[in-house]
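As a plain string of letters, each chain reads:
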Amino acid sequence: MHNDTERVLLTEQEIAARVRQLGEEISRDYAGKEPLVVGILKGAVIFMADLVRCLSIPVRMDFMAVSSYGASSQSSGVVRILKDLEHNIGGMDVLLVEDIVDTGLTLNYLRENLLTRGPASLKICTLLDKPGRRRVNVPVDYNGFIIPDEFVVGYGLDYNGRYRHLRDIMILKREVYTAKEDNENCPADDGS
Ligand SMILES: O=P(O)(O)OC[C@H]1O[C@H](OP(=O)(O)OP(=O)(O)O)[C@H](O)[C@@H]1O
Ligand SMILES: Oc1ncnc2cn[nH]c12
Ligand SMILES: [Mg+2]
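Residues numbered from 1 in each chain as written. Chains lettered and ligands numbered in written order. Predicted model: local features only at pLDDT ≥ 70, side-chain atom pairs only at ≥ 80, totals over all residues. Heavy atoms only, no water.

Undergrad: How should the environment of Asn88 be read in this particular structure?
TA: As for its position among the elements, Asn88 is in the loop between strand E4 (80-83) and strand E5 (93-101). A sequence separation of 31 residues divides Asn88 from Pro119, and the C-alpha atoms of the two residues are 8.9 Å apart. Of the polar contacts made by the side chain of Asn88, one reaches the backbone nitrogen of Gly90; its length is 2.8 Å. (Helix = DSSP H or I, 4+ residues; strand = E, 2+ residues; numbered from the N terminus. Polar contact = N/O pair within 3.5 Å; in protein donor to acceptor, adjacent residues only side chain to side chain.)

Structure, rendered in structure tokens:
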């Protein structure tokens, strides 16, 4: 087990079983349609790759990049679009795919931004949901797992760009992110 992680929260087998269930549910709801599945880079990439291959309907795919965590374990509260969609989503059925909803700031910003573009429908699918940390409520239509207030990595989720490759979703040791962030937050030693 990675020595920066405390324990496994969800094994790859548990994740795969749930992703199949979500795929069946989404396929039923979108029967006869060809939605645009929008993955939110980078964290949702692995989940989206598995989810779309569990669907029994045709889909188009696009990606957006936004960032609010950067190298921290805390949302900055400021969401920035780093890469926008290539599709004009006017009149399209859009399914936003995320890896995790935590404070809700990212998805709330994205949902409001995309609704201004006139989609025929807009639904949200997230693999993980941390309700305990919500700062703004966002309607989630497909929810993989409700998880406790712990910082998790793996299956696309990162801390400071690391651990996305892990096959399980694991809880990161607090000392990994408190040590890094304390060092960064300590006042610069200007020798005065
Ligand atoms: O509900 P929130 O508090 O907004 O947190 C959720 C968002 O934060 C993470 O992305 P991040 O900004 O770290 O970028 P990444 O996907 O590239 O890791 C995660 O992938 C979600 O997109
Ligand atoms: O637990 C978590 N792991 C990785 N990224 C994020 C963002 N919000 N919450 C997270
Ligand atoms: Mg993300």
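Undergrad: How should I be thinking about the side chain of Glu98 in this particular structure?
TA: With respect to the helices and strands, Glu98 occurs in strand E5. The residues touching Glu98, leaving out its near neighbours within four places in the chain, are Ile40, Ala44, Phe47, Thr106, Leu107, Cys125, Thr126 and Leu127. (Contact = heavy atoms within 4.5 Å.)

Undergrad: In this structure, what is going on with the sheet that holds strand E9 (residues 169-172)? I would like to understand it.
TA: Sheet strands pair via backbone hydrogen bonds, and the direction of the pair is either parallel or antiparallel. With respect to topology, three strands assemble into an open sheet ordered E1-E9-E8, the strand pairing being antiparallel. At either margin of the open sheet sits one strand with a lone partner, and together these are strand E1 (5-10) and strand E8 (152-153). As judged from the two bridges shared by E8 and E9, these two strands associate in the antiparallel manner. Note that in E9 the partner of Val153 across the bridge is Met170. (Pairing = 2+ DSSP bridges.)

Undergrad: Could you clarify how one ought to interpret the nonpolar core in this entry?
TA: Side chains that are nonpolar tend, in soluble globular proteins, to be buried together. Counting residues in each nonpolar core, the largest one holds 28 residues, and the members touching the most others are Phe47, Cys125, Leu127, Leu128 and Ile169. For this core, the secondary structure elements donating two or more residues are E1, helix H1 (12-29), helix H2 (45-52), E5, strand E6 (121-129), strand E7 (142-146) and E9. The residues touching Leu127, leaving out its near neighbours within four places in the chain, are Ile15, Val19, Phe47, Glu98, Asp99, Gly144, Phe145, Tyr155 and Ile169. Counting residues in hydrophobic clusters, the runner-up holds 19 residues, among them Val38, Ile40, Leu110 and Leu114. (Core = buried A, V, L, I, M, F, W, Y, C linked by side-chain atoms within 4.5 Å. Buried < 20%, exposed > 50% of the residue type's maximum accessible area, 1.4 Å probe, protein only.)

Undergrad: I keep staring at unusual backbone geometry and nothing clicks. Help me out?
TA: Negative phi is the rule for most residues except glycine; trans is the rule for most peptide bonds. The omega angle of the peptide bond from Leu41 to Lys42 is -5°, so this bond is cis rather than trans. Note on placement: Lys42 falls in the loop between strand E2 (36-41) and H2. Within the chain, Asn160 stands out as a residue other than glycine whose phi angle is a positive 55°. Relative to the helices and strands, Asn160 resides in the loop between E8 and E9.

Undergrad: When you look at the packing of aromatic side chains in this model, what are you seeing that I'm missing?
TA: Two aromatic rings, taken as a pair, are described by how far apart their centres are and by the angle between their planes. One pass over the structure, following the stated rule, counts three aromatic pairs. Here the aromatic rings of Phe151 and Tyr177 are separated by 5.6 Å at their centres, their planes lie at 50°, and the arrangement is tilted. Of the two residues, Phe151 sits in the loop between E7 and E8 while Tyr177 sits in helix H4 (residues 174-185), which places them 26 residues apart along the sequence. Exposure remark for Tyr177: the relative accessible area of 7% places this residue in the buried category. An angle of 55° between the planes, with centres 6.0 Å apart, marks the rings of Tyr159 and Tyr177 as tilted. One end of the pair, Tyr159, is in the loop between E8 and E9; the other, Tyr177, is in helix H4, and 18 residues separate them in sequence. Judged by its relative accessible area of 3%, Tyr159 falls in the buried class. In this structure an aromatic cluster arises from ring pairing among Phe151, Tyr159 and Tyr177. (Phe/Tyr/Trp six-rings, centres within 6.5 Å; stacked < 30°, edge-to-face > 60°.)

Undergrad: How should the packing of H1 against H2 be read in this particular structure?
TA: A pair of packed helices is captured by two measures, namely the crossing angle of their axes and the spacing between those axes. H2 packs onto H1 with a crossing angle of 60° between their chain directions and a minimal axis gap of 9 Å. Taken together, the axis directions place H1 and H2 in an arrangement best described as oblique. The way H1 lies across H2 gives a crossing that is right-handed. Across the interface between the two elements, Val19, Leu22, Gly23 and Ile26 of H1 pack against Phe47, Asp50 and Leu51 of H2. By residue class, the composition of the contact of H1 with H2 is five nonpolar, one polar and one charged. (Axes fitted to C-alpha atoms, helices over the stretch in contact; angles between N-to-C directions. Parallel < 35°, antiparallel > 145°, perpendicular 65-115°, else oblique. Left-handed = near helix turned anticlockwise from the far one by under 90°. Nonpolar A, V, L, I, M, F, W, Y, C, P; charged D, E, K, R; others polar.)

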